[in-house]
Every structure is written in structure tokens, then in C-alpha cells.
Amino acid sequence: KGGLVDRLAPLARRLRPSDEAELAGLRLKLAQAGLSSQGAVELYAVVQLLSFAAAGALAIPWFLLGDPGLLLIGLASCAAVGLLLPRMWLSLRTGSRREKISQSLASTLDLLVTCMEAGLGLEQAVERVSMELKLSEAEMAEELQLTLHEMHAGIPISEAFRKLSQRVGLEEMHMLC
């Protein structure tokens, strides 16, 4: 508590999208990047704000040079960097996470089938596989744990797996779910 993110949280809440569809889209993008906590949207807004401020600070040398044309170019460049850098980071993180999940999909499916053939129900198999994958394939284990929590919360299995497919954003996962 009391950190920079906490101090900037009120501003971050104002910066986050006000349109519900846009906010839902941002939450989905963050979830696909593995950032599905309650404060993920506010944290992302703070990162955007800090990135923009840092990029703005980079424009100071252009300001000191005194040439208005250079200052305008510097400000535009820094604004673009400040706004695009968090989006690029999010896109890279999402791509990396998807790749890791894609690589672990076959072994995860094999483990699920083996557990179910051994007599476990679907929920029990998902729980067992998520525990087995915790160290070797953490991203897949995390997604399975979240799916399991949703099922325990009363969400129907089909809906929980549909949400899993959306969070992961892979065609292979969509077909499997």
C-alpha cells in the first residue's frame, strides 16, 4: 500500500475506457496476456500514463534546442512511443503466452485423457492435470486452475471451457473446448 500505483489509481480509473464494450475488450486482451486480476485494467492505465510521461520527458532535449519544429517532432514522436509502447508490450506478452500454451496443449490433452481413462471425472482430471503442470507448463496450469475455479463457482462446464477458449485466444483451444 502507498506505492506509486496506489497513488495513481484514482487517475487510472479516469483513464480507463468508459465504454463497456471497450472495457470488456481491454479486459480480454489483458486476460489473454495472463493479467486477469481485479486491478489489471487500472494497472495497465497507470503503465500507459507512466510510459507517456517518460516519453514526454524524453522531449525535453528538443525543447532545450529551441527549434519549434524540432520540438513538435520530438513531442509527436514521444507521444507515439508513450502510447504505443504499452500496447506493443501487451501484444508481445500475449503472443508469448499463446505460444507457450499452444506448445503444452498436446501433453495437457494426453494427461486429461489418461486421467479420465483412469476413472476420474472431468473436474477431477482438470484439477489433477493443473497440479501436474504447475512447474513445467505454468501458463496452461494457471488457465486450468481458473477454469476449475469457475466450475466450482457454479458456472456450467461448457461455459467455463468457452471462457477458457476466449482467454487463451487459440484456434486449437477453441476447437478443443
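The structure presented is a predicted model; accordingly, all values stated were derived computationally and were not measured.

Peer 1: Please clarify how a nonpolar patch on the surface should be interpreted in this entry.
Peer 2: Together, Phe52, Val81, Leu83, Leu84, Leu85 and Met88 line one region of the surface with nonpolar side chains, adding up to about 540 Å² of accessible area. Examining the composition of the nonpolar patch, we find that five residues originate from one element, helix α5 (residues 68–117), more than from any other. In this fold, phenylalanine 52 is placed in helix α3 (residues 40–57).

Peer 1: Looking at this model, I keep getting lost on the nonpolar core. Mind explaining?
Peer 2: General note: in soluble globular proteins, nonpolar side chains tend to be found buried as a group. Counting 19 residues, the largest nonpolar core has Val126, Met140 and Met173 as its most contacted members. If you tally residues by element for this core, the top one is helix α7 (residues 138–152), at five residues.

Peer 1: How should I be thinking about α5 in this particular structure?
Peer 2: In an α-helix, one turn spans 3.6 residues; hence positions three or four apart end up facing the same way. For α5, which comprises 50 residues, the first-to-last C-alpha distance of 72 Å matches the rise-based estimate of 74 Å (1.5 Å per residue) to within 8%. The largest bend along α5 reaches roughly 45 degrees and is located at leucine 105. Just downstream of α5, glycine 119 is the residue with a positive phi angle, here 110 degrees.

Peer 1: I'm lost on α3 in this one. Help?
Peer 2: The end-to-end C-alpha distance of α3 is 25 Å, a good match for the 26 Å that 18 residues give at a rise of 1.5 Å each. Ala40, Val41, Glu42, Tyr44, Ala45, Val46, Ser51 and Ala55 are the residues of α3 that are buried.

Peer 1: Explain the confidence of the model for the chain here, please?
Peer 2: Regions with low pLDDT should not have their predicted coordinates read in detail. Confidence in the prediction of the chain, expressed as mean pLDDT, is 86, and 95% of residues score 70 or more. Across the chain, the element-wise mean pLDDT spans from 70 in helix α4 (residues 60–65) up to 95 in helix α6 (residues 122–133).

Peer 1: Would you explain the layout of surface pockets in this entry?
Peer 2: If you roll a probe as big as a water molecule over the atoms, it shows you where there is empty space left. If you add up the space inside the largest pocket, you get close to 490 Å³. In this structure, the largest pocket is lined by 20 residues; those nearest its centre are Pro17, Leu26, Tyr44, Gln48 and Arg87. At the level of secondary structure, the elements contributing two or more residues to the lining of the largest pocket comprise α2 (20–32), α3 and α5. For the lining of the largest pocket, a count of residues per class yields ten nonpolar, five polar and five charged. Lining of the second largest pocket is provided by 14 residues; of these, Arg27, Leu28, Ala31, Ser36 and Ser37 occupy positions nearest its centre. If one sorts the elements of the lining of the second largest pocket by residue count, α2 sits on top with five residues.

Peer 1: Would you explain the environment of leucine 176 in this entry?
Peer 2: You can see leucine 176 is positioned in helix α9 (residues 171–176). Expressed as a C-alpha distance, the spacing of leucine 176 and alanine 118, which sit 58 residues apart in the sequence, is 21 Å. Residues within four places of leucine 176 in sequence aside, it is in contact with Leu105 and Leu109.

Peer 1: Just to check I follow, could you spell out the packing of α2 against helix α8 (residues 157–168) for this structure?
Peer 2: Relative placement of two packed helices is described by the angle separating their axes and the distance separating the axes. Contact geometry for α2 and α8: axes closest at 7 Å, N-to-C directions at 80 degrees. For the element pair α2 / α8, the angle class is roughly perpendicular. Contact residues: α2 offers Leu28, Ala31 and Gln32, while α8 offers Gln166, Arg167 and Val168. For the contact of α2 with α8, a count of residues per class yields three nonpolar, two polar and one charged.

Peer 1: Looking at this structure, how should I read the environment of alanine 53?
Peer 2: Relative to the elements of secondary structure, alanine 53 occurs in helix α3. Separated by 25 residues in sequence, alanine 53 and cysteine 78 place their C-alpha atoms 9.0 Å apart.

Peer 1: Looking at this structure, I do not really get the side chain of serine 104. What am I missing?
Peer 2: Secondary-structure assignment places serine 104 in helix α5. The class for serine 104 is buried, based on a relative accessible area of 2%. Separated by 3.1 Å, the side chain of serine 104 and the backbone oxygen of isoleucine 101 make a polar contact.

Peer 1: Just checking my understanding: could you explain the pattern of salt bridges for this structure?
Peer 2: Pairing between side chains becomes possible if they bear opposite charge and their charged atoms approach one another. By the definition in use, this model includes seven salt bridges. When the shortest N-O distance is used, the salt bridge between glutamate 139 and lysine 100 registers 3.5 Å. Taken as a pair, glutamate 139 in helix α7 and lysine 100 in helix α5 lie far apart in primary sequence, 39 residues in all. With relative accessibility at 40%, the residue lysine 100 sits in the partly exposed group. For the salt bridge of glutamate 159 with arginine 162, the shortest nitrogen-to-oxygen distance reads 2.5 Å. With a gap of three residues between them, glutamate 159 and arginine 162 both fall in helix α8, about one helical turn apart. In this structure glutamate 159 comes out as partly exposed when scored by relative accessible area, which is 26%.

Procedures and definitions
Residues take numbers from 1 onward in each chain, read along the sequence in its written order. In view of the model being predicted, local features appear only for residues whose pLDDT reaches at least 70, and side-chain atom pairs are presented and counted only at 80 or more, with totals across whole chains, interfaces and linings using the full set of residues. The side-chain values count all of the structure's non-hydrogen atoms but skip hydrogen atoms and water molecules. The residues that make up patches have over 30% relative accessible area and no salt bridge, and they are joined within 9 Å when like-charged or within 5 Å when they are Val, Leu, Ile, Met, Phe, Trp or Tyr. Per-residue and other accessible areas follow the Shrake-Rupley method at a 1.4 Å probe size, with only the shown protein chains counted as cover for residues. When a carboxyl oxygen of Asp or Glu is within 4 Å of a side-chain nitrogen of Lys or Arg, the pair counts as a salt bridge. Counting from the N terminus, the helices are DSSP H or I runs at least four residues long and the strands are E runs at least two residues long. Nonpolar cores were defined as sets of buried Ala, Val, Leu, Ile, Met, Phe, Trp, Tyr and Cys residues, with membership established by side-chain atoms within 4.5 Å. Only protein chains enter the calculation, and the probe is 1.4 Å; a residue is then buried if its accessible area is under 20% of its type maximum, exposed if over 50%, and partly exposed in between. Expected helix span is computed as 1.5 Å times (number of residues minus one). The term bend refers to the angle at a residue between two fitted axes, each drawn through seven residues, those ending there and those starting there. A residue's pLDDT is the confidence the predictor assigns to it, expressed on a 0 to 100 scale. Put plainly, a pocket is an open set of points on a 1 Å grid over the protein atoms alone with protein on both sides within 12 Å along at least five of seven lines, a cavity is a set where a 1.4 Å probe fits but cannot get out, and a lining residue has an atom within 4 Å of a point. Grid points are joined across faces, edges and corners, and a volume is the space filled by probe spheres set on the points. Here the nonpolar group is Ala, Val, Leu, Ile, Met, Phe, Trp, Tyr, Cys and Pro; Asp, Glu, Lys and Arg are the charged ones; every other residue, Gly included, is treated as polar. We call two residues contacting when some pair of their heavy atoms lies within 4.5 Å. Between N-to-C directions, angles cover 0 to 180 degrees, with each direction set by a line fitted to C-alpha atoms, over the stretch in contact for helices. Angles below 35 degrees are treated as roughly parallel, those above 145 as roughly antiparallel, those between 65 and 115 as roughly perpendicular, and all remaining angles as oblique. Side-chain atoms alone can form a polar contact between residues adjacent in sequence; in general such a contact is a pair of N or O atoms within 3.5 Å, and within protein one must be able to donate a hydrogen while the other accepts it.

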